[in-house]
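Each chain, written out:
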Amino acid sequence: MRKLLLILSSLLITVCLCACGGDGGLFAKPTPTPIPEINPLEVLTAEDVYAAINYAYAPTLDGGTFYREDNVATATYRSEPLGQGDPVIITITQFNETVSKETVWYEYDYDRVMRPSAETIYDLGEDAFLAFPLIHIYDRGCHIEITAGSGSSDEQRNLLINLATTAVARFEAIMPAE
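Note that the structure is predicted; figures quoted are calculated from it, not measured. (Residues numbered from 1 in each chain as written. Predicted model: local features only at pLDDT ≥ 70, side-chain atom pairs only at ≥ 80, totals over all residues. Heavy atoms only, no water.)

Draft legend 1. Main features of the overall build of the chain. In terms of regular secondary structure, the chain is built from five helices and eight strands. Its helices and strands taken in sequence order, the chain reads α-α-α-β-β-β-β-α-β-β-β-β-α from the N to the C terminus. By residue count, 34% of the 178 residues in the chain fall in the buried class. Considering only residue pairs separated by 6 or more positions, the chain has 53% of its internal contacts joining residues 24 or more positions apart. As displayed, the chain has an accessible area near 11000 Å², and 57% of this comes from carbon and sulfur atoms. (Helix = DSSP H or I, 4+ residues; strand = E, 2+ residues; numbered from the N terminus. Buried < 20%, exposed > 50% of the residue type's maximum accessible area, 1.4 Å probe, protein only. Contact = heavy atoms within 4.5 Å. Areas by Shrake-Rupley, 256 points an atom, 1.4 Å probe, with all protein chains shown as cover.)

Draft legend 2. View of helix 4 (residues 101-113). In this model helix 4 runs 18 Å from its N-terminal to its C-terminal C-alpha over 13 residues, within 8% of the 18 Å that 1.5 Å per residue would give. Those residues of helix 4 lying buried are Val-104, Tyr-108, Asp-111 and Arg-112. The buried residues of helix 4 all sit within an arc of 105° when viewed along its axis, so they share a single face. Those residues of helix 4 that are exposed and aimed more than 90 degrees away from the buried face are Tyr-106, Tyr-110 and Val-113. Tucked into the core, helix 4 has its buried residues touching strand 4 (88-94), strand 6 (127-131), strand 7 (134-139) and strand 8 (142-147). (Expected span 1.5 Å × (residues − 1). Arc of directions from axis to C-beta.)

Draft legend 3. How the structure looks around the side chain of Asn-71. With respect to the element layout, Asn-71 can be found in the loop between strand 2 (67-69) and strand 3 (72-80). One polar contact links the side chain of Asn-71 to the main-chain carbonyl oxygen of Gln-94, over a distance of 2.8 Å. Look past the residues within four positions of Asn-71 in its chain and what remains in contact with it is Ile-92, Thr-93, Gln-94, Asn-96 and Val-99. (Polar contact = N/O pair within 3.5 Å; in protein donor to acceptor, adjacent residues only side chain to side chain.)

Draft legend 4. Up close: the nonpolar core. Core analysis: the biggest nonpolar cluster contains 37 residues, and Val-88, Ile-90, Ile-135 and Ile-146 have the highest contact counts within it. In terms of residue count, helix 5 (residues 154-174) provides more of this core than any other element does, eight residues in total. If near-sequence neighbours (up to four positions away) are discounted, Ile-146 is found in contact with Leu-44, Val-88, Ile-89, Ile-90, Pro-133, Leu-134, Ile-135, Leu-160, Leu-163, Ala-164 and Ala-167. (Core = buried A, V, L, I, M, F, W, Y, C linked by side-chain atoms within 4.5 Å.)

Draft legend 5. Focus on the pattern of salt bridges. With the rule as written, the count across this model stands at seven salt bridges. Of the charged contacts, one joins Glu-37 and Arg-68 as a salt bridge, the two residues approaching to 3.4 Å between their closest N and O atoms. One end of the pair, Glu-37, is in the loop between helix 1 (2-19) and helix 2 (40-43); the other, Arg-68, is in strand 2, and 31 residues separate them in sequence. Here Glu-37 falls in the exposed class, since its relative accessible area comes to 58%. Relative accessible area serves as the criterion here: at 28%, Arg-68 is assigned to the partly exposed category. Residue Asp-62 pairs with Arg-78 through a salt bridge whose shortest N-O separation is 3.5 Å. Linking Asp-62 in the loop between strand 1 (58-61) and strand 2 with Arg-78 in strand 3, this pair joins segments that are 16 residues apart in sequence. The class for Asp-62 is partly exposed, based on a relative accessible area of 33%. Because the salt bridges share partners, they merge into one network encompassing Asp-109, Arg-112 and Asp-127. (Salt bridge = Lys/Arg side-chain N within 4 Å of Asp/Glu carboxyl O.)

Encoded structure:
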């Protein structure tokens with residue numbers, strides 16, 4: 001009889017605990033992790049650009065900030081004094097509640113298809129390609145584009161890959177993996 005009473009009371013306590021709390025009960029749905037809004041200034045800083053261009057000119061942020069429109073954020077670093085060097089532009093298109101990762105992927109892939117001379121870059125994000133004067137990276141549901149340099153030379157290629165490597169490392173520290 002004691003064992004039966006102990007089992008019934010244990011069962012009753014378990015049921016009560018499961019029913020308590022509404023939102024915080026044992027069978028509550030987990031709270032989704034919010035999607036961080038990626039700031040391109042955190043992904044690629046002026047100091048990163050300055051080092052990548054071998055300190056040839058001081059990069060300054062055009063307009064003093066980055067610009068965001070819907071799910072696209074862009075930062076432009078210009079030379080100081082103006083015209084001394086090529087601008088470095090980073091654009092991040094990210095997924096959000098209204099734009100799926102698949103949509104971002106299709107736009108990224110469309111950019112690749114439209115550039116038949118694109119060079120695949122390995123070990124950079126989930127997928128990457130270089131089509132002068134841009135390097136494109138798809139990673140964690142986002143499309144990162146970096147424009148830098150001119151002339152489609154090995155020097156420009158190395159500049160783009162160096163900037164992209166830095167940007168992806170910082171991006172992956174900010175955007176959680178699935």
